Amino acid sequence: MSDPLLEIDDLHVYYGKAHALKGVSVSVERGEIYGVIGPNGAGKTTMLNAVAGFVDYEGTIRYDGRDLADERAQDIVQDGLIYCTEDRDLFPFFSVHENLLMGAQFRDDREAVEADLEMVYDLFPRLDERREQEAETMSGGEQQMLAIGRALMSDPEMLMLDEPTIGLAPVIIQDISEAIERLLDEGLTILLAEQNSTFALRHAERLSLIETGEIELEGTASEFHDNEYVREAYVGVH
Ligand SMILES: Nc1ncnc2c1ncn2[C@@H]1O[C@H](COP(=O)(O)OP(=O)(O)OP(=O)(O)O)[C@@H](O)[C@H]1O
């Protein structure tokens, strides 16, 4: 039975005269990972930015039944929707531990926050080994893990991830893959924007392909695998 947590309907975004998103509709079911793939400049980040309220949009975005046009960014986080941007937005001079605590800034239950800290350290042992290290001195992969860990510290119901594998070594991508699978097992809902189609197809149950601001294809992972155009243009299997 359909139980959408996030519903994006007929989304349009303009940057001046440029029409960056041209009527995009996506529905993310509770507990699933939904992938959005597409080339540079397709509009993936713009879509996530619209959901986060970072850009003006036309159309409707509903989270858990509520119209996000009526909510402020802080309310969205407190309602369980968190966004891990491509820039990661860490506090560079704060330690790993301090960055993680910043993720919990809207929470009151100290015991639950402590438990989630341990959950994040268990999920990412590389962070556990670097609790006191300043974020700016960490590798790109460690920073990505920290950004995901910090997002998890808000105790989200839904996580939006923008290009979490960009520029990362396969061994680090594997660590992030395993973390994502564990989080899905625990019931987290994920909206994943990725140019790395192999990674997106490995995890996502359903996907959309966006090109120049429009959804060109929508379907299940196996439908994407079977699609010759997707294989040739995005997965590199000829
Ligand atoms: N702030 C902005 N002002 C003007 N144009 C923008 C702005 N942000 C994005 N764009 C344009 O909107 C289009 C979609 O960009 P977007 O960043 O959403 O694509 P993307 O699919 O996330 O690409 P990438 O994978 O390279 O991040 C691009 O043509 C981009 O140049």
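Predicted model, so just to flag it, every value in this text is computed and none were measured.

Scoring rules and cut-offs
Residues numbered from 1 in each chain as written. Predicted model: local features only at pLDDT ≥ 70, side-chain atom pairs only at ≥ 80, totals over all residues. Near = placed C-beta within 6 Å. Helix = DSSP H or I, 4+ residues; strand = E, 2+ residues; numbered from the N terminus. Nonpolar A, V, L, I, M, F, W, Y, C, P; charged D, E, K, R; others polar. Pairing = 2+ DSSP bridges. Axes fitted to C-alpha atoms, helices over the stretch in contact; angles between N-to-C directions. Contact = placed C-beta atoms within 7 Å. Core = buried A, V, L, I, M, F, W, Y, C linked by C-beta atoms within 7 Å. Buried ≥ 20, exposed ≤ 12 C-beta atoms within 10 Å, placed from the backbone. pLDDT = per-residue confidence, 0-100. Expected span 1.5 Å × (residues − 1). Arc of directions from axis to C-beta.

A. The site of the ligand, seen in detail. Within the structure, the ligand sits among Y15, A18, A20, G38, N40, G41, A42, G43, K44, T45, T46 and Q195. Elements with a minimum of two residues in the shell around the ligand: strand 2 (18-29) and helix 1 (44-52). Considering each element in turn, the shell around the ligand owes the most residues, three residues, to helix 1. Residues that form the shell around the ligand fall into these classes: four nonpolar, seven polar and one charged.

B. Structural view of the sheet that holds strand 7 (residues 158-162). Strand order across the open sheet formed by six strands is 6-7-8-3-9-10, with mixed pairing between neighbours. Each having just a single partner strand, strand 6 (81-84) and strand 10 (214-220) make up the two edges of the open sheet. Across the sheet, the axes of successive neighbouring strands diverge by a mean angle of 15°, strand direction being ignored. Where strand 3 (residues 33-37) and strand 9 (residues 206-211) come together, four bridges link them in parallel fashion.

C. Expanded view of the sheet that holds strand 4 (residues 58-63). The four strands lie next to each other as 2-1-4-5, forming an open sheet whose pairing is antiparallel. Only two strands of the sheet have a single partner each, and these edge strands are strand 2 and strand 5 (66-67). Relative to strand 4, strand 1 (residues 4-15) is paired through five bridges, and the arrangement is antiparallel. Of the residues in strand 4, the one forming a bridge with D9 is T60. The sheet strands contacting helix 1 are strand 1, strand 2 and strand 4, and the helix crosses strand 1 at an angle near 110°.

D. Layout of the pairing of strand 9. Where strand 9 and strand 10 come together, six bridges link them in antiparallel fashion. Looking at strand 10, one finds that L207 is bridged to G219. A loop of two residues connects strand 9 with strand 10, the two strands running antiparallel in sequence, and T212 in this loop sits at a positive phi of about 40°.

E. Highlighting the nonpolar core. If you look at the biggest cluster of nonpolar residues, it comprises 66 residues, and the most contacted ones within it are L11, V51 and L192. Take this core: its biggest share by element is six residues, from helix 6 (residues 140-152). Excluding anything up to four places from it in sequence, V51 contacts L6, I8, I61, L68 and M160.

F. The arrangement of the confidence of the model for the protein in detail. The share of residues in the protein with pLDDT of 70 or more is 98%, and the mean pLDDT across the chain is 93. With pTM at 0.94, the complex prediction returns an ipTM value of 0.93.

G. Here's a closer look at helix 4 (residues 110-123). A rise of 1.5 Å per residue sets the reference length of helix 4, with its 14 residues, at 20 Å; its end C-alpha atoms lie 20 Å apart and thus fit the reference within 8%. Every buried residue of helix 4 is accounted for by D116, L117, V120 and L123. All buried residues of helix 4 lie within an arc of 130° about the axis, which places them on one face of the element. Exposed residues lying more than 90 degrees from the buried face of helix 4 are E111, E114, A115, E118 and D122. Those residues of helix 4 hidden inside the fold are in contact with helix 3 (96-103), helix 5 (125-128), helix 6 and helix 7 (170-185).

H. Inspection of unusual backbone geometry at higher detail. The backbone of R88 sits at a positive phi, close to 70°, despite the residue not being glycine. You can see R88 is positioned in the loop between strand 6 and helix 3. The exposure class of R88 is buried, given the 20 C-beta atoms found within 10 Å. The residue E163 is not glycine, and still its phi comes out positive at about 50°.

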